[in-house]
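These are the residues of each chain, in order.
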Amino acid sequence: MSKIIDIKKLRKVYGDGVELVALDDVDLTIEEGEVLSIVGPSGSGKSTLLNMIGLLDTPTSGEIWLKGQNITKATPAERARLRNKELGFIFQFHHLLPEFNAVENVMMPLLIAGVERKEARQRAIDLLEEVGLGDRLNNRPNQLSGGQNQRVAVARALAGHPSIVIGDEPTGNLDTKSSDMIYELLRKLNREMNQTFILVTHDMAMAEKTDRILRLVDGRIVCEMRREGDEFVSHDLCHLD
Amino acid sequence: MFELYAARKHLTARRRQTLLAVGAVALAVTITILFRSLINGFEGTINDIIFQFVPHVTVLPKDGESRIYLYKTLLDAVWTIPGVTAASPALSTAASLSYGGKVENVVLRGVVPDELNKISRIGLDYMVEGDLDSIEIGRRVALDREMAERLDLKLGDTVRASFPDARTLNLVVTGIFDTGGFSTNYAYVSMKTARDFLGEGSVITEVQIKLDDIYRADEVAASLRELGYNAESWQSQSGIVESIQSRRLSNTMIMLLVIIISAFGIANIMNLLVLEKTREIGMMMAMGATSSIIRRIFLIEAGVLGLAGGTAGCLIGYGIAAYVNSLAIALSSGPGFSIYLNFVVDPRDLLIFPLVTLLLSVAAGVYPAHQASKLDPVVALRG
Ligand SMILES: Nc1ncnc2c1ncn2[C@@H]1O[C@H](COP(=O)(O)OP(=O)(O)O)[C@@H](O)[C@H]1O
Ligand SMILES: [Mg+2]
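As the structure is a computational prediction, the values presented were derived from the model and not from experiment. (Residues numbered from 1 in each chain as written. Chains lettered and ligands numbered in written order. Predicted model: local features only at pLDDT ≥ 70, side-chain atom pairs only at ≥ 80, totals over all residues. Heavy atoms only, no water.)

1. Here's the deal with the site of ligand 1
Argument step 1. What surrounds ligand 1 is the set Tyr14, Leu20, Ala22, Pro41, Ser42, Gly43, Ser44, Gly45, Lys46, Ser47 and Thr48 of chain A together with Arg382 of chain B.
Argument step 2. With respect to ligand 1, the chains having nearby residues are chains A and B.
Argument step 3. One of the backbone nitrogen or oxygen atoms of Gly43 of chain A is found 2.7 Å away from an oxygen atom of ligand 1.
Argument step 4. With respect to ligand 1, the side chain of Ser47 of chain A contributes an N or O atom lying 2.8 Å from an oxygen atom.
Argument step 5. Contact with the protein chains removes 66% of the 550 Å² of surface that ligand 1 exposes when unbound.
Argument step 6. Of all the secondary-structure elements, those providing two or more residues to the shell around ligand 1 are strand S2 (20-31) and helix H1 (46-53) of chain A.
Argument step 7. Taken together, the residues of the shell around ligand 1 break down into 4 nonpolar, 6 polar and 2 charged. (Near = heavy atom within 4 Å. Polar contact = N/O pair within 3.5 Å; in protein donor to acceptor, adjacent residues only side chain to side chain. Areas by Shrake-Rupley, 256 points an atom, 1.4 Å probe, with all protein chains shown as cover. Helix = DSSP H or I, 4+ residues; strand = E, 2+ residues; numbered from the N terminus. Nonpolar A, V, L, I, M, F, W, Y, C, P; charged D, E, K, R; others polar.)

2. So, the interface of chain A and chain B
Argument step 1. Residue-level contacts link 22 residues of chain A with 23 residues of chain B.
Argument step 2. Note on chain A versus chain B: buried area summed over both sides is about 2,200 Å², and carbon and sulfur give 68% of it.
Argument step 3. Three residues, His95, Glu99 and Ile112 of chain A, lead the burial of chain A against chain B; their summed loss comes to 28% of the area buried on that side.
Argument step 4. Where chain A meets chain B, there are 2 salt bridges.
Argument step 5. Salt-bridge contacts for Lys277 of chain B lead to Glu99 of chain A; the nearest nitrogen and oxygen are separated by 2.3 Å.
Argument step 6. Those elements that provide at least two residues to the side of chain A that touches chain B are helix H2 (76-86) and helix H3 (102-113) of chain A.
Argument step 7. If one sorts the elements of the side of chain A that touches chain B by residue count, H3 of chain A sits on top with 5 residues.
Argument step 8. Class assignment for the residues of the side of chain A that touches chain B results in 12 nonpolar, 3 polar and 7 charged. (Contact = heavy atoms within 4.5 Å. Buried area = accessible area lost by both parts, 1.4 Å probe. Salt bridge = Lys/Arg side-chain N within 4 Å of Asp/Glu carboxyl O.)

3. Describing the confidence of the model for chain B
Argument step 1. The pLDDT averaged across chain B works out to 88; a share of 93% of its residues lies at or above 70.
Argument step 2. With a pTM of 0.75, the predicted complex shows an ipTM of 0.92. (pLDDT = per-residue confidence, 0-100.)

4. Here's the deal with the pattern of salt bridges
Argument step 1. Taken as a whole and assessed by the stated rule, the structure comprises 33 salt bridges over all chains.
Argument step 2. With a closest N to O distance of 3.5 Å, Arg226 of chain A and Glu224 of chain A form a salt bridge.
Argument step 3. In this structure, the salt-bridge partner of Arg296 of chain B is Glu3 of chain B, at a minimum N-O distance of 2.6 Å. Residue Arg296 of chain B is located in helix H12 (residues 291-327), and its partner Glu3 of chain B is located in helix H1 (residues 2-13); the two are separated by 293 residues in the primary sequence.
Argument step 4. We classify Glu3 of chain B as buried; its relative accessible area is 4%.
Argument step 5. Residues participating in the shared-partner salt-bridge network are Arg11, Asp24, Asp25 and Arg220 of chain A. (Buried < 20%, exposed > 50% of the residue type's maximum accessible area, 1.4 Å probe, protein only.)

Written out as structure tokens, the structure is:
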């Protein structure tokens, strides 16, 4: 396994008057093909960390390396290109575009990348079949259930063959049954395509199914647990609740 | 191209808003096109009237003189000017016409009917009774129908013409014309009759000139002034130029106003669109859309709205103009002419307006598109 992401002393401070340290010198290495979950109380900096990794936000200090490239100071255009090529996003809300049907939504990252319409379409159809929506290709978001829309969002996140898929509470809005379905789907895709998944979740049951759990409190990683077989081995003092 | 695709999707999926925006621009353009073509029509009609009734250039006596002497020499000079199509000499004087106890003041004009007809076609198109040529016999008069009615004159009656210092003459009415009010006060007699009336020799008071190009009148008048005569063009005489120019100005103001209003409409629609689409813009950015892609999506949308609105407005405006013209609604008429409600659509407008609305809409879209492109994806996604 090789390092896909290397984060060094990453710091994010918000606010001009009263300073708010959202990330406090975080060091983190993520391996290729890993399924990582990040847990922690609300406001602990989970989204902030994901947005840094996802190149949506820039740190106050520290460095982010992606596939051996220091992307901390990449230009906006380069960041956009990397988001398109290397990253897939799934958010708590599906953020599908309401005017576009399922296939068209999934095609979008490919069209932005300049892939030909026909090819993009075929890829989108394949992915929607993969996520079990082969019979819902031409439905718009308002014609689909919450779980179905989130599955479309998963397909969209995977469309551009990203090396990393980021999920910020991807099942936060779904019932348990839909959540499990989404998680099983992500796991299956991870096995098939060896993509790296970084998931923020409140759902400990789901976290315990991943390869590694990070616990964030007040912008620091306070606990890290790694799966070894069926057991999680704690590397630090952990209070998981 | 992704931008085109996304813009098209937005526009076709939000059909109601799109139609509303296109409709607003189209309405503005329709109104402007109709206004402009109506004014074009009026100008055309006015030019026609000028062409039919008003001499393009009038030559008057030299300063300090009340008559033009040696007028044959003047006429020869006039005919050497290129573009002159008619030159009608006249000896005009004020006169009182009396008949059966009624008296009216007129301008009594000694003319050569053949020459006058080339200026105003009175003897050709506007006679309602009798004719103009018969005044050549002498002691005959042709006058306007309204004047004849005021004096209770009928064809064949004898009217008395008099004026201080003039010889009183009895004139037989041999022609009645109707120009719809353009020459009510004119009474035409032969050149000889006018000279007898005034006791003058071979003199005239004016030469009326027609040109093949009415807009050369000023230039021709100037060259006649160089010969020492007073000469006036229709432009300097009638105040028509000022009225056309002021109409042109108000025309431009209306256009400007209408266009600004529709540009505001587009800017407003684009602002709302960007607000409404904030999360989706954030998502597009997360998917790798650059600021310039986002900007172009909205610029394209604004441009398409403007172009579609402008084109639709032109078609509708043109259609209404053609339809109204086909109804031939008469505003005023006389025996030889009618003024119709006439829209003259300038074909250049049909090209210019879609272009103008395209450019204006894109300009109106610049700020909202810029706002969209500058969104922070993290903030945008949070909504
Ligand atoms: N744009 C921002 N401006 C100011 N404070 C922010 C901003 N984004 C996040 N924060 C603050 O940073 C801290 C971490 O936020 P976040 O990463 O969203 O936490 P989590 O996802 O773990 O709930 C919170 O205290 C939050 O209020
Ligand atoms: Mg969060």
